Amino acid sequence: KHGISSKAEITLECDPGTFDAAKLQKYVDAGVTRVSLGCQSFDDEALEAAGRAHRRQDALDAVQAVKRVGPRHGWSLDLISGLPGTTPEGWMETLHEAHSLNPPHVS
C-alpha cells in the first residue's frame, strides 16, 4: 500500500485522549500497523504537573481502544520516569498498572 512493502512496520505515535477506536481504525485502514501510546504515567498528579492533557482514565481508555482495533504489529506503551511530582510510590503504581495492561512492549 502506498508503495511500501506489505511487511513494513508503520508506527503511529498517539497521545491518550486524542483518539477513539473508530479514528484508530481509520489509521489502521490507511496502513498503520503498530501504535505507540504516550501514556507517560498513570499518576494524575504527575501528568498534570508535566502539562499532559490526558489523565489516567484517558490512558486506560486508549489502551482498550488499541486492543479492540488490534494493529497487525501490535502496540507499545511509553512511560517517563521522573516526571515532576512523581514519587517513588507513584512510579511503582504506574509500573504495576502498566504491567496489568499486558503491553507487548514498554519503553
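Refer to the structure above for everything that follows.
Residues numbered from 1 in each chain as written. Predicted model: local features only at pLDDT ≥ 70, side-chain atom pairs only at ≥ 80, totals over all residues. Heavy atoms only, no water.

### Considering the overall build of the protein chain
Across its full length, the protein chain holds 4 helices and 3 strands. Each helix (α) and strand (β) of the protein chain, taken in turn from the N terminus, gives the series β-α-β-α-α-β-α. A compact globule built from 107 residues would reach a C-alpha radius of gyration of about 13 Å, and the protein chain, at 14 Å, matches this within 12%. Taken along its principal axes, the extent of the C-alpha atoms in the protein chain is 45 × 20 × 20 Å. A buried classification covers 41% of the 107 residues belonging to the protein chain. Partitioning the intrachain contacts of the protein chain with sequence separation of at least 6 by distance along the chain shows that 69% fall at a separation of at least 24. Carbon and sulfur atoms provide 51% of the accessible area of the protein chain, an area that totals close to 6100 Å². Positive and negative side-chain charges in the protein chain, numbering 11 and 15 respectively, have mean positions lying 12 Å apart. (Helix = DSSP H or I, 4+ residues; strand = E, 2+ residues; numbered from the N terminus. Rg over C-alpha atoms; globule rule 2.2 N^0.38 Å. Buried < 20%, exposed > 50% of the residue type's maximum accessible area, 1.4 Å probe, protein only. Contact = heavy atoms within 4.5 Å. Areas by Shrake-Rupley, 256 points an atom, 1.4 Å probe, with all protein chains shown as cover. Lys, Arg positive; Asp, Glu negative; His and termini not counted. Charge placed at Lys NZ, Arg CZ, Asp CG, Glu CD.)

### Looking at the side chain of Asp-78
Residue placement: Asp-78 occurs in strand β3 (residues 75–79). A polar contact of 2.7 Å, which involves the side chain of Asp-78, links it to the side chain of Ser-36. Of note is the side chain of Asp-78, whose polar atom sits 2.7 Å from the side chain of Ser-107. When neighbours within four sequence positions are excluded, Asp-78 is seen to be in contact with Glu-13, Ser-36, Leu-37, Gly-38, Cys-39, Gln-40 and Ser-107. (Polar contact = N/O pair within 3.5 Å; in protein donor to acceptor, adjacent residues only side chain to side chain.)

### Details of helix α4 (residues 88–100)
Helix length check: α4, at 13 residues, gives a terminal C-alpha distance of 18 Å against a target of 18 Å (1.5 Å per residue), a fit within 8%. Where α4 is buried, its residues meet α3 (56–69) and β3. (Expected span 1.5 Å × (residues − 1).)

### Some points on α3
Look at α3: 20 Å from first C-alpha to last across 14 residues, which is about the 20 Å you get at 1.5 Å a residue. Of the residues making up α3, those classed as buried are Ala-59, Leu-60, Ala-62, Val-63, Ala-65, Val-66 and Val-69. Those residues of α3 that are buried are in contact with α1 (21–29), β2 (34–40), β3 and α4. At the C-terminal side of α3, Gly-70 shows a positive phi close to 65°.

### Side note on the packing of α1 against α3
The interhelical angle for the contact between α1 and α3, taken along N-to-C directions, is 45°, at an axis separation of 9 Å. Relative to α3, α1 is oriented oblique. Handedness of the crossing formed by α1 with α3: right-handed. On α3, the residues touching Ala-21, Leu-24, Gln-25 and Val-28 of α1 are Ala-65, Val-66, Arg-68 and Val-69. (Axes fitted to C-alpha atoms, helices over the stretch in contact; angles between N-to-C directions. Parallel < 35°, antiparallel > 145°, perpendicular 65-115°, else oblique. Left-handed = near helix turned anticlockwise from the far one by under 90°.)

### Notes on the side chain of Arg-34
Checked against the element boundaries, Arg-34 lands in strand β2. Classification of Arg-34 as buried rests on a relative accessible area of 15%. Of note is the side chain of Arg-34, whose polar atom sits 3.4 Å from the side chain of Thr-11. Apart from residues lying up to four places away in sequence, Arg-34 is in contact with Glu-9, Ile-10, Thr-11, Leu-12, Pro-71, His-73, Gly-74, Trp-75, Ser-76 and His-105.

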